[in-house]
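Listed below, chain by chain, are the residues.
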Amino acid sequence: MIDDGEAKEIKRDYLEILESLLKLIHAKAKEKGLDPSNDVHIYSSSSKVYQGTLGESPLKTY
């Protein structure tokens, strides 16, 4: 079983990795001449699993 301290560390690591990936995707879109929005929506199949703005805390994680 995961204790509260480990759970918080896992969540923090997950959010840091997600933020890094979003920044890379945003930079790659700009590099390709696209005009990316800072608003991010991530879907798994047809369900939204993340909504937020780059550089800010997530608006909602589902």
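Residues numbered from 1 in each chain as written. Predicted model: local features only at pLDDT ≥ 70, side-chain atom pairs only at ≥ 80, totals over all residues. Heavy atoms only, no water.

Caption draft 1: Representation of a nonpolar patch on the surface within the structure. On the surface, a nonpolar cluster with roughly 420 Å² of combined accessible area is contributed by I17, L21, L24 and I25. Along the polypeptide, L24 turns up in helix α1 (residues 4–31). (Patch = residues over 30% accessible without salt bridge, like charges linked within 9 Å, V, L, I, M, F, W, Y side chains within 5 Å. Areas by Shrake-Rupley, 256 points an atom, 1.4 Å probe, with all protein chains shown as cover. Salt bridge = Lys/Arg side-chain N within 4 Å of Asp/Glu carboxyl O. Helix = DSSP H or I, 4+ residues; strand = E, 2+ residues; numbered from the N terminus.)

Caption draft 2: Inspection of the pattern of salt bridges at higher detail. Counted according to the given criterion, the structure contains one salt bridge. Note that E31 is salt-bridged to K28, the shortest N-O span being 3.3 Å. In this pair, E31 and K28 are both assigned in helix α1, three residues apart and thus about one turn of the helix distant. Taking the relative accessible area as the measure of exposure, E31 reaches 61% and is therefore exposed. (Buried < 20%, exposed > 50% of the residue type's maximum accessible area, 1.4 Å probe, protein only.)

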